[in-house]
Each structure stands twice: as structure tokens, then as C-alpha cells.
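These are the residues of each chain, in order.
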Amino acid sequence: MSIQNKMFQELKDKTIFEQARKNAYAYSDGIADMDVFPSDENIENLKAFEEPLNDEPTDALDVINMLNQYGGPATTAQTGGRFFGFVDGGAVPVSIATKWLTDFWDQCGGLYLTSPINSKLESVCEAWLKDIFGLPDETVAGFVSGTSMANLSALCAARYRLLKNQGWDINKQGLNGAPPIRIIAHKQVHSSVKKTLVMLGFGSDNIEWLEADKQGRAIPETIPALDNTCLLLLQAGNVNTGGYDPFMEICPAAKKAGAWVHIDGAFGLWAGACKSLKHLTAGMELAQSWAVDGHKTLNTPYDCGIIMCADPEALVTSLQANADYIIYTDQREPLLYGPEMSKRSRALELWSVMKYLGKRGIDEMVTGLHINAKRMGAGLKDAGFELINEVVFNQVLIKCSSSEITKSVLEGVQQSGKAWCGGSMWQGEPVIRISVCSWATSAEDVDITIGLFAKAKQDVMSF
Ligand SMILES: *Cc1c(COP(=O)(O)O)cnc(C)c1O
């Protein structure tokens, strides 16, 4: 049988899809009992994939079976309730179902003509996001792979505008001989922002680095006088402490001066969608651009990042794509709002989560992360850990009486297989960083995790 006929056959008899579905359900049903980080044995078994590419086609069912047999056990249990690493969210069930359905659509999301539904849902999500975050009317949104790409898109727009302010068209004249842009950032901005600055040719030595306070927030008094050649980089949610820069104290003057303020709010911007947490983001609406993820706090599947920009001309011109074969319509053209051309129609899943939760559901889910983080922080403090941060959102940062003990306790928890979180460095010292970011984390999961920490500490101390 030709490959083409084989493929028609597979689509028709559905065996591989039924198998994948069964495996997926078994995975989901077993998530609470599986190791949160895979065992050494399961990692070892990944060697099964180290084989030369086969000369002949493989049976499709064998492909699925192999992936399920060796791949499933070597996953981290991100969709369970006790994965607390890297600010990684879980996935709201309806978004997984949306993904399954729309996988069969396989929409190329770049153009209206390749996917009218993606174009429509991008517009809808744009309007909804503007509404829940209270952003200016002129704001447009682009749907990209994550906040790294959103930061890149935003800073392209900022570079365009800040040079244009000085009579320079970056798109035509390029970087050689361009007037300088002053870039002001505090030392606690996220690594992806630093990476973006380097990628865009600004150079890390050309940044005016400001000190941050003990919670990793900008100190308003340290910010120099700004003008319309300045790019100020702020943050909603420090990746270690969860701390928010005081936008209300900084943004009004920055806006008045004509500076471009960009806010990286990968996970933290969502506080702005919650009644009891909204104070954290107050004033953020005065910025020019914002980067946020769906795949962290909002628990959409990967990859889902959003660039929002109150200067549509700057965003669209700096990311422009022109070729004779690109056909623009009078409808929304998704590729104008981000660096990618062909792309996943990720707005479909974002739409499904927002539609499913509604404003109240988003508030309840995101506030729930905060409540669990508070519980975690308080419980760990009671268990004798030093709580380093004010738990203002979903991040909990702790350490023990010495760096060695901190590291050993972290290892103990990681090796328990019952919970997983990562380490970080804070003010020169190793620390443990717990990010409560999944809808699936329950109060019981938090208590189990506190117990794991207490036991790991006891083990280390009695060793
Ligand atoms: C995760 C994160 C990023 C990077 O986002 P990706 O979605 O991983 O590209 C940027 N900034 C902050 C504060 C983050 O937490």
C-alpha cells in the first residue's frame, strides 16, 4: 500500500486516535500517583529513542505506542497538583479538548485567508484582554509563542518609536549611525528581557542598570529624568519573589515625558484580572506595551504568549512582512502583530479558557493560586523555613539556616517524587522557589508539600 493510502486508511479507521485517547485518559487518571519528576529508571528508558532513522515506514500504531510507553513516564507531572517549578501552569480541561478538536483543523494562523476562525478569535481575545486588564482603547494584541516573543515584539515597537521620535526610521535606515536610545532597567528584570535587549543590538553594557529593592522591585527614586528617547523596562511579577514594580509611582511621569514603558507581566499581569489583587497592577495601563503569557497563570496549553501594545503603528510597522504572495484582506491579519508568519492558532485555546471561565472564573482561579501560595508560605514558615518574600501573588521563596542545608532540602523534596520545585539564587544565596501556578493544586497538595519539606529538613538535620 502506498504511504498516501496508508494515511487515508488511518484517518478512516481511527485506531491510532482511539489508542492515543485511551493513553491520554490513563495518563490523566494516573497523574496524582505518578512521580512529579520522572524516576532515574524512566529517564534511562528514554535511550529507546536513540536509534538510527528507520529505512522503512513504521506502523502508525507502533509510533503512538512507543511514545506512550517510553515518553509518558518521562514527563514531568505538569498537569498534576504538585509541580511547582518555573512558574509553569497546568492546562484547563476545556483547553485540552479545544486543542484536540482544532488539531484536526490544523489551521495556519498567520493570515485571514488561511484561517478566518483564528483571525476572528484573535480579535475577540484582543478585546477581552483589553477589557479585563483595563488597557487603552487603541491597544492591539499579537498572539505569539510566549512572553519571550512578546517582549521581543514589544521592544521592536519601542525601538521603532523611540528612533522615530528622533527623526530616524529604523526600518529604512537601520542601526548603523542611528541616534542612541537610553535604556533603563532594574537589575531584577527577567532574563528574557535581557536576552531581547542583546538580540536587538542594544548591548548589555549600554543599559542603565538600577538597583532593585529587597523584593526585587524598582525603586522610583532611582529612576532618572526621562524623555522621548527613553525605554523603561518594568515588571509585573518578579520571577523569584512575585514582586510588582510600583507602576502608579513611576508610569504617570514616564508617560508625560514621552518615554516608552514596557511591562513584562508574564505571569503577574493576571493579578489585574482579580478584584482582591488588582492593586498590584494599578497604573500599568499607563505603559506603552505589555507582555503576558496564557500558558502560565491562565493555564492554557503551551505555547501561548501575548504582546499588547498601545502604539499599533509602531508594532505593526516594526514587524511588517511584505511579499508579493501575501494577500492581505480587510480582516484582521494575525501575522502583522507578531514576528511569526506561519504559526499555531493558539488564540483558539486562549479563547476557550476565557470563554469557559468568564471574568468571575478567571478571578476565582487566579486568586486561588494566590491563596494556595499564602498557605504554602505560612506553612513552611511554621515548619521552620525562612520565608524570604512577601507572598503578594503566587511565588514563595524560602531558604534554610545555611546554603548547604537549603540545597540538600531541595534535593530531598525533588527526589521524593511527590512534588517538584526548583532552586534559584537570591541576593547571592541559593534559595528554593515554589511557584503555585496550576489550577489543579489543592489545599491538600499544599499541605502534602509542606510535609515533604519538613521531612526533608528533618532528614538533612539528623544526617
Ligand atoms: C516566564 C517568564 C518570561 C518568559 O516567558 P516565556 O513564556 O517562557 O517565553 C518572561 N518574564 C517573566 C517574568 C517570566 O516569568
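In this text, all values refer to a predicted model and were calculated from it rather than measured experimentally. (Residues numbered from 1 in each chain as written. Predicted model: local features only at pLDDT ≥ 70, side-chain atom pairs only at ≥ 80, totals over all residues. Heavy atoms only, no water.)

S.K.: Where do I start with the sheet that holds strand β9 (residues 395-399) in this structure?
M.R.: To summarise the sheet geometry, strands pair through backbone hydrogen bonds and adopt either a parallel or an antiparallel arrangement. The four strands lie next to each other as β8-β9-β11-β10, forming an open sheet whose pairing is antiparallel. Looking at the sheet topology across the chains shown, the edges are occupied by β8 (386-387) and β10 (422-426). In this structure, β10 lies alongside strand β11 (residues 429-435), joined through five bridges in antiparallel fashion. When the sheet's bridge partners are listed, tryptophan 426 is paired in β11 with glutamate 429. (Pairing = 2+ DSSP bridges. Helix = DSSP H or I, 4+ residues; strand = E, 2+ residues; numbered from the N terminus.)

S.K.: What am I meant to see in the packing of aromatic side chains here?
M.R.: According to the stated counting rule, one finds 10 aromatic pairs in the structure shown. Judged by centre distance (6.0 Å) and plane angle (25 degrees), the ring pair of phenylalanine 37 and tryptophan 420 falls under stacked. Residue phenylalanine 37 is found in the loop between α2 (15-29) and α3 (40-44), and its partner tryptophan 420 is found in the loop between α13 (403-416) and β10; the two are separated by 383 residues along the sequence. Their ring planes at 85 degrees and their centres at 5.7 Å tell us that phenylalanine 385 and phenylalanine 453 sit as a pair that is edge-to-face. Here the residue phenylalanine 385 occupies a position in the loop between α12 (347-382) and β8, and phenylalanine 453 occupies one in helix α14 (residues 443-462), the gap between them amounting to 68 residues. When sorted by exposure, phenylalanine 385 lands in the same class as phenylalanine 453, which is buried. Ring pairs connect the aromatic residues Phe37, Phe83, Phe86 and Trp420, which therefore count as one cluster. In this arrangement the basic side chain of lysine 194 is found over the ring face of tryptophan 209, its NZ or CZ atom lying 5.6 Å from the centre. The ring of tyrosine 337 has arginine 332 sitting right over it, with the charged end atom 4.2 Å from the ring centre. (Phe/Tyr/Trp six-rings, centres within 6.5 Å; stacked < 30°, edge-to-face > 60°. Buried < 20%, exposed > 50% of the residue type's maximum accessible area, 1.4 Å probe, protein only. Lys NZ or Arg CZ within 6 Å of the ring centre and 35° of its normal.)

S.K.: What is the right way to look at the site of the ligand in this model?
M.R.: Around the ligand lies a shell of 13 residues, among which Ser148, Asp264, Asp293, His295 and Lys296 are the nearest. Here a nitrogen atom of the ligand and a side-chain polar atom of aspartate 264 are 2.7 Å apart. Within the side chain of aspartate 293, an N or O atom sits 2.6 Å from an oxygen atom of the ligand. Expressed as a share of its isolated accessible area of 380 Å², the protein-covered part of the ligand is 86%. Per-class residue counts for the shell around the ligand are three nonpolar, seven polar and three charged. (Near = heavy atom within 4 Å. Polar contact = N/O pair within 3.5 Å; in protein donor to acceptor, adjacent residues only side chain to side chain. Areas by Shrake-Rupley, 256 points an atom, 1.4 Å probe, with all protein chains shown as cover. Nonpolar A, V, L, I, M, F, W, Y, C, P; charged D, E, K, R; others polar.)

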